[in-house]
Amino acid sequence: MASGFAIALASSAFGQSAAEKTGVNSLIGVAPKTEDFVTEAAASDMFEIASSKLALERADNATKTFAQQMVTDHQRTSEELKALVSGGKVKATLPTDMSKSQHSMLDKLQKLNGDDFVKQYHADQEEAHEMAVDLFKRYGDEGDNADLKAWAAKTRPALEHHLQMAKDLNK
């Protein structure tokens, strides 16, 4: 186990994104590389927007209220992140699509209706926001691009609020 931890530390020290993709960086509290942060933040926004638009069509009123806020807020953060990258403040490439796991979650949601949809959407939102809060905390605390680090720190409280709202929906 100690050798695995040492390998994880060495991997993150050399900036390999595999440590971020596998969750090792999160477990040991290491900030993601700028490129990894941009990829994960943008893909997370894509998932939030797509799944929440689906919720606007299929969910109960309380869930629709939450979903509308997710669409609005995550469209805004997407635009802010795009502006940082396109303005040259952040050297990274924005992804054009969400991750395979996010696609799988969305595919599963698309097959559900009624209470089954609502329960799955609520669970997905809590999980997605737990991951987003962790990602933004690690980059906001120790990221290597000052502008992106400041944006992550500024954005994190809204994500924490989203997480609390998602937890409240799951009660």
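Residues numbered from 1 in each chain as written. Predicted model: local features only at pLDDT ≥ 70, side-chain atom pairs only at ≥ 80, totals over all residues. Heavy atoms only, no water.

Asker: Please clarify how the overall build of the protein should be interpreted in this entry.
Answerer: Helices and strands together make up the secondary structure of the protein, namely 8 helices and 0 strands. Each helix and strand of the protein, ordered N terminal to C terminal, gives the series α-α-α-α-α-α-α-α. Across the 171 residues of the protein, 43% fall into the buried class. For the protein, the computed accessible surface area is about 9000 Å², with 55% contributed by carbon and sulfur atoms. (Helix = DSSP H or I, 4+ residues; strand = E, 2+ residues; numbered from the N terminus. Buried < 20%, exposed > 50% of the residue type's maximum accessible area, 1.4 Å probe, protein only. Areas by Shrake-Rupley, 256 points an atom, 1.4 Å probe, with all protein chains shown as cover.)

Asker: Help me out: how do you make sense of the side chain of His 129 in this one?
Answerer: Structurally, the position occupied by His 129 is in helix 7 (residues 114–142). A polar contact is formed between the side chain of His 129 and the side chain of His 74, at a distance of 3.3 Å. If we ignore the near neighbours within four places in the chain, the residues touching His 129 are Glu 48, Met 70, His 74, Leu 159, His 162 and Leu 163. (Polar contact = N/O pair within 3.5 Å; in protein donor to acceptor, adjacent residues only side chain to side chain. Contact = heavy atoms within 4.5 Å.)

Asker: Could you clarify how one ought to interpret the packing of helix 7 against helix 8 (residues 146–169) in this entry?
Answerer: Axis angle and axis distance: for two packed helices, these are the angle between their axes and the distance between the axes, and together they describe the pair. The N-to-C vectors of helix 7 and helix 8 enclose an angle of 155°; their axes lie 8 Å apart at closest approach. Between helix 7 and helix 8, the interaxial angle falls into the category roughly antiparallel. In terms of crossing hand, the pair formed by helix 7 and helix 8 is left-handed. The residue inventory of the contact of helix 7 with helix 8, partitioned by class, reads 12 nonpolar, 6 polar and 9 charged. (Axes fitted to C-alpha atoms, helices over the stretch in contact; angles between N-to-C directions. Parallel < 35°, antiparallel > 145°, perpendicular 65-115°, else oblique. Left-handed = near helix turned anticlockwise from the far one by under 90°. Nonpolar A, V, L, I, M, F, W, Y, C, P; charged D, E, K, R; others polar.)

Asker: Teacher, can you tell me more about the pattern of salt bridges here?
Answerer: Any two side chains of opposite charge can pair if their charged atoms end up close together. Using the criterion set out here, one finds 9 salt bridges in the structure. With a closest N to O distance of 2.6 Å, Asp 141 and Lys 137 form a salt bridge. One end of the pair is Asp 141 and the other is Lys 137, both in helix 7 and 4 residues apart, which spans about a single turn. With a relative accessible area of 39%, Asp 141 lands in the partly exposed category. Residue Lys 137 is classed as partly exposed on the basis of its relative accessible area of 38%. Note that Asp 141 is salt-bridged to Arg 156, the shortest N-O span being 3.9 Å. Taken together, the residues span a long stretch of sequence, with Asp 141 in helix 7 and Arg 156 in helix 8 at a distance of 15 residues. Classification of Arg 156 by relative accessible area gives partly exposed; the value is 22%. Each of the salt bridges in this network shares a partner with another, and the network as a whole consists of Asp 73, Arg 76, Glu 80 and Lys 154. (Salt bridge = Lys/Arg side-chain N within 4 Å of Asp/Glu carboxyl O.)

Asker: Is there a simple way to think about empty space enclosed by the protein in this case?
Answerer: In this approach, a probe sized like a water molecule rolls over the atoms, and the result shows the empty space that is left. For the structure on display, the rule yields 1 cavity of 30 Å³ or more. Of the pockets and cavities examined, the largest cavity occupies roughly 50 Å³. Lining of the largest cavity is provided by Ala 41, Ser 44, Asp 45, His 74, Thr 77, Ala 132, Phe 136, Trp 151 and Leu 159. The element contributing the most residues to the lining of the largest cavity is helix 4 (residues 34–58), with 3 residues. Its residues placed into classes, the lining of the largest cavity shows 5 nonpolar, 3 polar and 1 charged. (1 Å grid on protein atoms, 1.4 Å probe; cavity = no way out; pocket = protein on both sides within 12 Å on 5 of 7 lines; lining within 4 Å. Points joined across faces, edges and corners; volume = space filled by probe spheres on them.)

Asker: Which parts of the structure should I look at to understand the environment of Gln 69?
Answerer: Tracing the chain through its elements places Gln 69 in helix 5 (residues 61–86). A residue is classified by how much of its surface remains accessible, and Gln 69, at 29% relative accessible area, is partly exposed. Note: C-alpha distance between Gln 69 and Ser 52 (17 residues apart in sequence) is 8.8 Å. Once you skip the residues sitting within four places of it in the chain, Gln 69 turns out to touch His 161, His 162 and Met 165.

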